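# Remarks on the overall topology
Each chain is listed here by its residues.
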Amino acid sequence: MASQSQGIQQLLQAEKRAAEKVAEARKRKNRRLKQAKEEAQEEIEQYRLQREKEFKAKEAAALGSHGSCTTEVEKETQVKMSAIQGNFQKNREEVLNNLLMFVYDIKPEIHVNYRING
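An unreviewed UniProt entry lists the protein chain under the name V-type proton ATPase subunit G, with Gopherus evgoodei as the source organism. Under the Sequence similarities (unreviewed entry) heading, UniProt states for the protein chain: "Belongs to the V-ATPase G subunit family."

In C-alpha cells:
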C-alpha cells in the first residue's frame, strides 16, 4: 500500500510539473503574441509615416506647380489691367467730348409717324 501511495504521489507531482510547464508555455506564447503584435503595430506606424511623407511630397509638388500657375495668371491679369487703365486714360477726354457733343447738339424734328390733325 505504501508503494501504491508513493506511486500516486509521484503521479500527482508529475501532473503538477506538467501543469506548471503548460502554464509557463502559455505565458511564453502570450508574451510572444504580445511582442509580435507590438512589432506589427510599430511596422504599421512606420509604413503609415512613410506613405504620409510620400503623399506630402506629391502634394507639395502638385501645389507648387499650381502655385506657379496662380502667380502666372496674376501677372497676366496685372498686365491686362494696366493696359485697360492706359487706354482709359488715353481715350477719356475724347469719349467725354463726343458724349457731350451728342447731348448738347439737339436738332428738333417732328417724328415721321406724327400726324397733324386739323
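A few words on the overall build of the protein chain. Counting its secondary structure elements, the protein chain contains one helix and zero strands. Its C-alpha atoms give the protein chain a radius of gyration of 49 Å, clearly above 13 Å, the size a compact globule of 118 residues would have. For the protein chain, the spread of C-alpha atoms along the three principal axes comes to 160 × 45 × 15 Å. Accessible area for the protein chain stands at about 11900 Å²; split by element, carbon and sulfur atoms hold 57% of it.

With that settled, consider a nonpolar patch on the surface. Together, L96, L99, L100, V103 and Y104 line one region of the surface with nonpolar side chains, adding up to about 510 Å² of accessible area. Here L99 shows up in helix α1 (residues 2–104).

What counts as what
Residues numbered from 1 in each chain as written. Predicted model: local features only at pLDDT ≥ 70, side-chain atom pairs only at ≥ 80, totals over all residues. Heavy atoms only, no water. UniProt positions renumbered as here; feature names shortened; annotations may be inferred. Helix = DSSP H or I, 4+ residues; strand = E, 2+ residues; numbered from the N terminus. Rg over C-alpha atoms; globule rule 2.2 N^0.38 Å. Areas by Shrake-Rupley, 256 points an atom, 1.4 Å probe, with all protein chains shown as cover. Patch = residues over 30% accessible without salt bridge, like charges linked within 9 Å, V, L, I, M, F, W, Y side chains within 5 Å. Salt bridge = Lys/Arg side-chain N within 4 Å of Asp/Glu carboxyl O.

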